[in-house]
Amino acid sequence: MTAYSVFAKLYDKMMDNIPYEEWEQYLLMLMYKSGVSPATAVTEIGCGTGTMTGLLYEDGFKVTGLDLSEDMLKEARKKYPDIVFTQGDMRDFELPEKQDAIISVCDSINYVLTTDDLAKTFGSVKKNLKKDGVFIFDLKTRYFFENVLDGRTFRDRGPGFKCIWKNSFDQETCIHHYYLDIKTKDSSDWILSKEHHQQRAYTAQEIVEAAKKAGFVRGSVYDAFTFDKPRKTSERLYLVLYQ
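A few points on the structure. Quantities reported herein were computed from a predicted structural model and do not represent experimental measurements. (Residues numbered from 1 in each chain as written. Predicted model: local features only at pLDDT ≥ 70, side-chain atom pairs only at ≥ 80, totals over all residues. Heavy atoms only, no water.)

**Considerations on the layout of surface pockets**
Computed from the structure, the second largest pocket encloses a volume of approximately 470 Å³. If you go around the second largest pocket, you meet 26 residues; those closest to its centre are Ala204, Ile207, Val221, Leu237 and Leu239. For the lining of the second largest pocket, the elements supplying multiple residues, two or more each, are strand 5 (129-140), helix 6 (142-149), helix 7 (204-214), strand 10 (218-223) and strand 11 (236-242). The element best represented in the lining of the second largest pocket is helix 7, accounting for 5 residues. Grouping the amino acids of the lining of the second largest pocket by side-chain chemistry returns 15 nonpolar, 5 polar and 6 charged. (1 Å grid on protein atoms, 1.4 Å probe; cavity = no way out; pocket = protein on both sides within 12 Å on 5 of 7 lines; lining within 4 Å. Points joined across faces, edges and corners; volume = space filled by probe spheres on them. Helix = DSSP H or I, 4+ residues; strand = E, 2+ residues; numbered from the N terminus. Nonpolar A, V, L, I, M, F, W, Y, C, P; charged D, E, K, R; others polar.)

This is the structure in structure tokens:
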């Protein structure tokens, strides 16, 4: 089954522990630090159900959202009917106008599985930015996949659904696998759906090489939700690439 099909309808329920408002405040600090002011044009790639896009919209930004999954976008449009959400591939997209900032949060970039596709993503972002535009994105780290998720099984349940979430990290390919068994209630019956998600852990060198290949020459990296340098035990990083 395609990733984010059944899961799309349950995504917000299962991710209700994410402190999106706090994440947005940190994102705003990064944006202002990079010269992005309110009321400017911002696009979120890998926007999912649009929660972060919606928060930025409520704070006065001119926002659009782009995601590969039409199922996720359906949920986003229900929540924010006044925002333009477009189906597209972050490795090759073209926006109607160049943006002041392009963002990608909630580890959407980890879903890019090869260094070639990472460079394509960066290149596609760069061509859609204004002259002084910035690209801000986050990444889960190899430390997180290996030490926090690998080998662990999570269970979640709520009104009308049950989910078993198994995790496995391949050290040779640096690909982390999520196996989801999702049961949803239909009348009196439970229907089982299976989804397989994959994310890639990238080294600092791979990120730098992909950025240079795309034409970015300046960047910053932070231990997530701080302005500190990354640590060996950092679980998530935020990166800023300057046009």
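**Regarding helix 1 (residues 6-14)**
Those residues of helix 1 lying buried are Val6, Phe7, Ala8, Leu10, Tyr11 and Met14. Check the buried side of helix 1 and you find it contacts helix 2 (20-33), helix 4 (70-79), strand 6 (153-158), strand 7 (161-170), strand 8 (175-186) and strand 9 (189-200). (Buried < 20%, exposed > 50% of the residue type's maximum accessible area, 1.4 Å probe, protein only. Contact = heavy atoms within 4.5 Å.)

**Some details on the pairing of strand 3 (residues 84-87)**
Sheet analysis places strand 2 (residues 62-67) next to strand 3, joined by 4 bridges and oriented parallel. In the strand pairing of strand 3, Gly65 is matched with Phe85. (Pairing = 2+ DSSP bridges.)

**So, the sheet that holds strand 1 (residues 41-45)**
Each strand in a sheet pairs with its neighbour through backbone hydrogen bonds, running either in the same direction (parallel) or in the opposite one (antiparallel). If you trace the 7 strands from one edge of the open sheet to the other, you get 3-2-1-4-5-11-10, paired in mixed fashion. Bordering the open sheet on either side are strand 3 and strand 10, each of which pairs with just one other strand. The average undirected angle you get between the axes of adjacent strands in this sheet is 20 degrees. Both strand 1 and strand 4 (residues 99-104) contribute to a ladder of 3 bridges, which runs parallel. Each bridged residue has a counterpart across the sheet, and for Val42 the counterpart in strand 4 is Ala101. Packing against the sheet, helix 2 makes contact with strand 1, strand 4, strand 5, strand 10 and strand 11, and its axis sits at approximately 30 degrees to strand 11. (Axes fitted to C-alpha atoms, helices over the stretch in contact; angles between N-to-C directions.)

Geometric values such as these leave the question of function open.
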